[in-house]
Amino acid sequence: MPGLAREGEVRDMEDRSAGMLTEKMEEYLEALFKLGREESALTPTRLAEYMKVTPPTALDMLRRLEKEGYIRYQGPGTGKGRGVGSGKAKRIIVLTPKGERVARTLIRRHRLSERFLTDMLGLDWESAHREACRLEHVISPEVEEKLSKVLGNPETCPHGYPIPDENGNMAEEEIKPLCDFCPDEKGCIARVEEEEPQLLQYLASLGVMPDVDVEVTEVAPFGGPLLVRIGDAQYALGREVAAKIWTRKGPGRGRGRGKGPGPRRGHAGR
Amino acid sequence: MQVLEELEKLHARADYVFALAGNPNVGKSTIFGRITGLGVMTANYPGMTVELNLALTEFEGRRLGIVDLPGTYALGAVSEDQLVARRGVLQGKPDVVIVILDANNLARNLYLLLQFLDLGFPVVAALNLVDQAEKSGIHTDVGLLSEYLGVPVVPTVGVRGDGLNQLMAQAVEVAELKEEYPVIPFSYAMDIETRLRRLARRIQGEMKDLPYGISPRALAILLLEEDREFVEWMQGREEGRKILEYARRLASEIEGEHGEKAPVILARERHGIAGSIAEGVQVRQEYRKPLLGERLWEYTTSFRTGLPILVLALGAVFGALFWGGGELASLFSRFWENLVSNPLGRLLDSALGANLLSRTILWGVDGLGAVLEIALPYLLVFYVILAVMEDSGYLNAVAFLTDRLMHRLGLHGRAIIPMITAVGCNVPAVMGTRVLSTRRERVIACALIVLVPCSARVAVIMGGVARFVGWPYALLLFAVLLLLVVGAGLLLNHVLPGESAGLVMEMFPFRAPSLANIARKTWLRIRDFLYIAAPLIVAGSVALGLLYESGWIEHLVGPLRPLTEWWLGIPAVAGLALVLGFLRKELALALLVVLAARVIPGVTESSTLLDFMTRGQIFTFVLVCSIYIPCVATLAVLWRELGPRDSLLVAASTVVLALLLGGLSHLVVALL
């Protein structure tokens with residue numbers, strides 16, 4: 001098991017400065033960590049999709065990461081580690097503890113940077129996100145610590161995602177994407193992913209926005225679309241759209257009086 | 001047509017201009033059809049495929065111009081239909097905007113109405129589908145709704161025409177007595193409202209003329225919503241850039257306080273207001289029996305029952321096509337022969353004598369006959385069925401059921417509609433790809449559509465393969481075509497950059513379709529086909545006739561020889577029939593016999609295909625015929641929808657594909 005072989009040898013982020021991890025590798029680890037929390041079985045295809053690269057490129061990087069001991073790449077269920085790129089069966093990617101540490105640190109630095117950029121420098125969310133993507137790779141542990149202190153040890157980034165603490169622990173919010181719902185399951189939208197502002201605004205105009213109650217009435221098999229009831233309307237949402245809508249349990253918090261999507265602060269307008 | 005010109009013309013000819021707006025599926029087109037009749041003009045913005053419908057009508061002695069905006073949920077700049085709706089109303093400067101609301105889903109429908117108030121337009125609301133809402137236990141207090149909104153509200157049932165006279169009378173009154181119906185803006189939450197007013201005041205103080213002449217308040221709202229079009233407009237002006245900076249600061253203040261982006265907050269505000277108004281004016285009966293339409297609808301969208309129903313429905317559609325279309329076809333053809341083509345032929349003969357000119361003209365007449373006998377009957381039946389499926393809401397269920405499959409092909413569920421249309425005729429199917437939102441999807445859909453056998457190609461397959469080679473081989477050919485469609489979709493999805501847009505589609509329970517609306521839709525579609533396809537088919541026929549009657553056609557046989565005899569293994573004359581099939585595909589078989597009679601010794605015009613071709617050759621011939629570019633009319637609409645580059649690319653790849661498979665078929669036939 002090549003992935004486990006050198007695990008434990010590496011403890012600290014110092015290795016990173018020793019030139020073992022490139023910026024690209026860090027980005028992959030971060031992506032793997034984020035995807036790993038969202039999906040049960042993480043495949044190279046999904047990773048390539050997320051990173052917007054071709055599957056061979058992603059596979060290449062996975063091989064490197066496995067060689068360095070940041071990930072394991074294994075068949076589902078068997079638990080047996082195998083080399084990258086052999087066999088046709090769908091295999092999943094798992095971060096080693098070492099890889100996970102790196103990823104959590106990166107996410108912490110990213111989200112702290114975002115806080116800093118929005119709260120202190122007054123950047124808007126989108127630019128803050130872009131800048132933070134670059135900053136996260138160059139922040140040293142010392143700066144990270146000072147930054148957190150100056151900002152008053154914030155718990156969430158401006159977008160509302162939790163910031164891991166210095167040991168990498170993250171406050172868990174029980175949220176799951178709408179695409180994981182069963183028929184007749186109800187929930188409340190927690191957030192809509194913001195990578196596509198167009199989709200976000202379009203969904204918002206339909207009333208699909210945070211703190212709105214949703215009910216899934218029908219789920220088409222084989223990864224087909226979902227029938228979703230929101231207020232008085234029913235929508236068919238493709239799986240890939242539903243994957244961008246995150247929900248939590250229970251009814252919305254600050255709903256208006258209407259059955260439809262209400263204002264967050266429950267005010268009535270005229 | 002240029003939109004601005006058309007709108008100006010409309011203003012010049014009408015006393016008042018009304019815009020008709022509403023969400024999709026609220027019965028807007030039914031109401032538009034009822035108040036205007038058939039005299040509809042369509043206009044396109046350059047580079048956009050969503051159309052504006054314009055019409056001139058009369059009401060109680062006044063000439064009214066009606067601008068039918070595309071059905072949308074909102075007026076943002078996020079999708080083409082929204083952008084066209086907004087531009088249509090901003091440039092159309094209607095005296096009144098008639099907003100059609102669905103009484104079954106008032107909260108979400110009010111959102112659009114609030115946006116028109118934001119833009120500062122006088123609004124009259126039509127509360128449509130009230131009958132259906134009452135049936136499902138929703139009662140609306142119309143007076144209270146009007147009071148809350150500050151605009152007149154008229155209850156209507158568009159399908160029956162109930163309330164439409166009152167609606168028009170009300171709209172005319174608002175247009176005439178502008179002072180008595182002032183536009184009262186609704187107010188947002190205090191903190192947002194204050195910022196809006198500050199921004200509006202600055203705009204008023206510093207900007208001289210505003211885009212489309214909108215109010216400072218309207219512009220302020222649009223800027224806080226980070227609307228692309230207006231932000232760009234502001235960036236183009238020096239004073240605009242300063243205001244834009246100010247607007248951005250205000251937006252980020254809002255974002256800081258609410259934890260969400262300003263556009264989302266504004267949308268949330270409007271939804272909140274719409275929701276509380278709807279809640280305040282509607283009474284609901286909580287427990288009630290689901291209506292028949294709702295229960296049926298559940299059966300069609302649930303997978304276990306929905307798929308068998310879909311198969312049955314498709315079977316019924318094809319059955320109706322073959323039976324109904326066939327009956328109509330023989331009816332039309334009798335009518336055409338007895339009343340037009342035979343008398344005309346005699347007339348031409350006696351007037352001009354039997355020469356090149358008169359015979360060529362007869363080919364053209366015959367082309368027109370083909371439109372009437374072959375295309376029109378099937379299209380007529382098909383479009384009626386399509387309109388029923390659309391208006392009842394069943395097509396939405398079909399789109400839902402097939403979304404997964406279509407997704408693999410790089411499309412989504414809504415693309416099933418043009419794909420089904422293609423079975424009738426590729427021309428309207430290609431035009432129907434406008435319902436798809438991205439260019440990538442439109443290209444893929446068009447490429448797949450041209451591979452779907454239309455009624456003309458089905459006729460060739462039946463008349464050639466089924467008749468002379470045998471039924472199993474005809475089925476094999478259909479299977480090959482199906483595989484090609486799927487394969488091409490998988491390939492294009494893989495090759496083309498980008499990914500297919502996700503499906504976001506409103507679903508609504510079944511509604512009884514209105515006869516008038518079905519007739520209207522069918523007519524408009526047939527009219528499109530007649531305008532575009534018929535002239536090309538007639539022109540193609542004349543060209544074909546000229547080639548044939550003058551005898552030049554025989555000189556074309558030689559150059560084709562290597563391709564046909566060596567590569568496809570069919571007689572050279574068959575290659576000629578294939579080439580000319582581009583002009584009239586359904587004639588490919590008939591042409592083949594006629595040409596063979598001229599070129600191959602011993603073959604007469606009454607010979608059958610088997611007299612000069614083997615069964616294998618017939619199969620190869622029909623296979624190639626059904627794959628390469630459908631026809632000149634399809635190529636023309638492809639050109640119009642996709643532009644020269646992509647349309648030629650699609651056409652060329654079908655030719656290559658046809659030749660490849662034809663060659664393969666030749667090989668297999670030779671081996672057997």
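Engineer: What is the right way to look at the overall build of chain B in this model?
Structural biologist: Per the secondary structure count, chain B includes 27 helices and ten strands. Here the C-alpha radius of gyration of chain B, 29 Å, is about what a compact globule of 672 residues would show, namely 26 Å. Considered along the principal axes of its C-alpha atoms, chain B spans approximately 90 × 60 × 55 Å. Looking at chain B residue by residue over its 672 residues, the buried ones come to 49%. Long-range pairs, those at least 24 residues apart, make up 73% of the contacts in chain B between residues at least 6 apart in sequence.

Engineer: Would you explain helix α5 (residues 55–67) of chain A in this entry?
Structural biologist: Side chains three or four residues apart in an α-helix point the same way, a direct result of the helix having 3.6 residues per turn. All names here are of chain A. In this model, α5 (13 residues) spans 18 Å end to end at C-alpha, consistent with the 18 Å of a helix rising 1.5 Å per residue. For α5, the complete set of buried residues consists of A58, M61, L62, L65 and E66. Buried positions in α5, seen along its axis, are confined to an arc of 140 degrees and lie on one side of it. Downstream of α5 by a residue or two, G69 has a phi angle that is positive, lying close to 85 degrees.

Engineer: I tried to follow the interface of chain B and chain A on my own but got confused; where do I start?
Structural biologist: A common way to state how big an interface is: give the accessible area lost once the parts meet. Taken together, the contacts link 47 residues of chain B with 45 residues of chain A. Its residues assigned to classes, the side of chain B that touches chain A comprises 19 nonpolar, 18 polar and ten charged. Relative to strand β10 (residues 504–507) of chain B, strand β7 (residues 233–237) of chain A runs antiparallel, the two being bridged by four bridges. In the sheet register, Y235 of chain A faces β10 of chain B, and the bridge partner there is E506 of chain B.

Engineer: Help me understand the environment of S607 of chain B, please; the structure alone is not making it clear to me.
Structural biologist: Residue and element names in this part refer to chain B. Within the element layout of this structure, S607 appears in the loop between α25 (588–599) and α26 (615–627). Overall, the presence of 14 C-beta atoms within 10 Å leaves S607 in the partly exposed class. A sequence separation of 575 residues divides S607 from F32, and the C-alpha atoms of the two residues are 55 Å apart. When sequence neighbours within four positions are dropped, the list of residues in contact with S607 reads V593, A597 and F612.

Engineer: For this particular structure, what's the right way to read unusual backbone geometry?
Structural biologist: Both trends apply: most residues other than glycine have a negative phi, and most peptide bonds are in trans. Positioned with a positive phi, N153 of chain A is a non-glycine residue whose angle comes to about 45 degrees. Looking at the secondary structure, you find N153 of chain A in the loop between α8 (141–150) and β3 (175–177). Accessibility expressed as a C-beta count within 10 Å gives 11 for N153 of chain A, which makes it exposed. At L129 of chain B, a position not held by glycine, the phi torsion is positive, near 60 degrees. By secondary structure assignment, the location of L129 of chain B is in the loop between β6 (123–128) and α5 (130–135).

Engineer: How do you make sense of the sheet that holds strand β6 (residues 226–230) of chain A when you look at a structure like this?
Structural biologist: Note on sheets: strands pair through backbone hydrogen bonds, and any given pair is parallel or antiparallel. Spatial strand order, β3(A)-β8(A)-β4(A)-β5(A)-β6(A)-β7(A)-β10(B): seven strands in an open sheet with antiparallel pairing. Only two strands of the sheet have a single neighbouring strand rather than two, namely β3 of chain A together with β10 of chain B. Between one strand and the next, the sheet's axes are offset by a mean angle of 40 degrees, whatever the strand orientation. Alignment of β6 of chain A against β7 of chain A, held across five bridges, turns out to be antiparallel. Among the inter-strand pairings, I230 of chain A is bridged to a residue of β7 of chain A, identified as A233 of chain A.

Engineer: Honestly, the nonpolar core in this entry has me stumped. Any pointers?
Structural biologist: For soluble globular proteins, the rule of thumb is that nonpolar side chains tend to be buried together. The biggest cluster of nonpolar side chains holds 236 residues, and the ones touching the most others in it are I98, V99, L101, L113, A125 and L224 of chain B. Looking at this core element by element, the count peaks at 17 residues for helix α15 (residues 356–392) of chain B. L101 of chain B has contacts with V26, L106, N109, L110, L113, A125, A126, L127 and N128 of chain B, leaving out every residue within four places of it along the chain. Formed by 19 residues, the second largest nonpolar core is a distinct cluster that contains L95, V102, A103 and L106 of chain A.

Engineer: Sorry, what's going on with the confidence of the model for chain B here?
Structural biologist: If pLDDT is low for a region, its predicted coordinates should not be looked at in detail. Residue and element names in this part refer to chain B. In the predicted model, chain B carries a mean pLDDT of 86, and 97% of its residues have values of at least 70. In the model of chain B, strand β2 (residues 40–44) stands out as the element of lowest mean pLDDT, 68, in contrast to strand β8 (residues 153–155), which has the highest, 96. Quick note on the complex model: pTM equals 0.72, ipTM equals 0.78.

Analysis parameters
The written sequence of each chain sets the order in which its residues are numbered from 1. Here chains are named by letter from A upward and ligands by number from 1 upward, in the order in which they appear as written. For this predicted model, a pLDDT threshold of at least 70 governs which residues receive local features, and a threshold of 80 or more governs which side-chain atom pairs are given and counted, while totals over whole chains, interfaces and linings are taken from all residues. By the criteria applied, helices consist of DSSP H or I runs no shorter than four residues and strands consist of E runs no shorter than two, each listed in order from the N terminus. With C-alpha atoms as the basis for the radius of gyration, the globule rule is written as 2.2 Å multiplied by the number of residues raised to the power 0.38. Three classes are used. A residue is buried when 20 or more other C-beta atoms lie within 10 Å of its own, exposed when 12 or fewer do, and partly exposed in between, with C-beta atoms placed from the backbone. Whether two residues are in contact is decided by their C-beta atoms, placed from the backbone, lying within 7 Å. How far a helix is expected to stretch is found by multiplying one less than its residue total by 1.5 Å. What the arc covers is the set of directions going from the helix axis to the C-beta atoms. The classification used treats Ala, Val, Leu, Ile, Met, Phe, Trp, Tyr, Cys and Pro as nonpolar, Asp, Glu, Lys and Arg as charged, and all other residues, Gly among them, as polar. The criterion for strand pairing is that DSSP finds at least two bridges linking the strands in question. Angles run from 0 to 180 degrees between N-to-C directions of axes, and those axes are lines fitted to C-alpha atoms, restricted for helices to the stretch in contact. Residues enter a nonpolar core if they are buried, belong to Ala, Val, Leu, Ile, Met, Phe, Trp, Tyr or Cys, and are joined to the set through C-beta atoms within 7 Å. On a scale of 0 to 100, pLDDT captures the predictor's confidence in every residue.

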